[in-house]
Amino acid sequence: GSNRHPIQKFDHYLTLLEPDLQAGDPRAVFYSAECLRFLGCYPKAIELYQQRASLNGFEEEAWYAAYQAAKLARNVTDLLKAFERRPWRAEPLWAAAELVRTIPHEDVLFMETR
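Every value quoted in this text rests on a predicted model; they were computed, and no experiment measured them.

What counts and what doesn't
Residues numbered from 1 in each chain as written. Predicted model: local features only at pLDDT ≥ 70, side-chain atom pairs only at ≥ 80, totals over all residues. Heavy atoms only, no water. Helix = DSSP H or I, 4+ residues; strand = E, 2+ residues; numbered from the N terminus. Buried < 20%, exposed > 50% of the residue type's maximum accessible area, 1.4 Å probe, protein only. Polar contact = N/O pair within 3.5 Å; in protein donor to acceptor, adjacent residues only side chain to side chain. Contact = heavy atoms within 4.5 Å. Phe/Tyr/Trp six-rings, centres within 6.5 Å; stacked < 30°, edge-to-face > 60°. Salt bridge = Lys/Arg side-chain N within 4 Å of Asp/Glu carboxyl O.

Draft legend 1. Quick peek at the side chain of E34. Tracing the sequence through the fold places E34 in helix 2 (residues 26-39). A relative accessible area of 12% means that E34 is categorised as buried. Polar side-chain contacts of E34 include one of 3.0 Å to the side chain of R37. With residues up to four places along the chain from it excluded, the contact list for E34 reads Y49 and Y64.

Draft legend 2. Spotlight on the packing of aromatic side chains. Evaluation of the coordinates by the stated rule reveals eight aromatic pairs. Consider the rings of F10 and F38, whose centres lie 5.1 Å apart with planes at 25 degrees: the pair is stacked. One end of the pair, F10, is in helix 1 (residues 6-22); the other, F38, is in helix 2, and 28 residues separate them in sequence. The exposure class of F38 is partly exposed, given its relative accessible area of 48%.

Draft legend 3. Just the pattern of salt bridges, in detail. Counted by the stated rule, this structure contains 10 salt bridges. In this structure, E34 and R37 form a salt bridge, with 3.0 Å as the shortest nitrogen-oxygen distance. Remark: R37 and E34 occur in helix 2; sequence separation between them is three residues, near one turn of the helix. Of the charged contacts, one joins E59 and R85 as a salt bridge, the two residues approaching to 2.9 Å between their closest N and O atoms. Here the residue E59 occupies a position in helix 4 (residues 59-73), and R85 occupies one in helix 5 (residues 76-85), the gap between them amounting to 26 residues. Take R85: its relative accessible area is 29%, and that puts it in the partly exposed class. Residues joined in a network through salt bridges with shared partners are E60, R86, R89 and E91.

Remember, this is a structural readout, not a statement about activity or role.
In structure tokens:
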């Protein structure tokens, strides 16, 4: 445990992760993105999540990075891509539904067939 303020704690973590982030380590990219998300630095977090999603390594972490990037960017198309990557994970569908629900629209249902 730490008695640092959360902002100080995440800034400290970013400092510790920096060398490995610069080296392109997938875990450092992921955890840097997490820290930035918690700090509210969404554009940089999205960038790092997208970077992590494209790297090799632990696939569940890469999927989660793709999901978080899409969710933070409020990108329904990318949320659906994240669902297709892991169709047993419902989080992207839930996030997409929440986004679509907030879009002003007429009372019309659109269905797309494949």
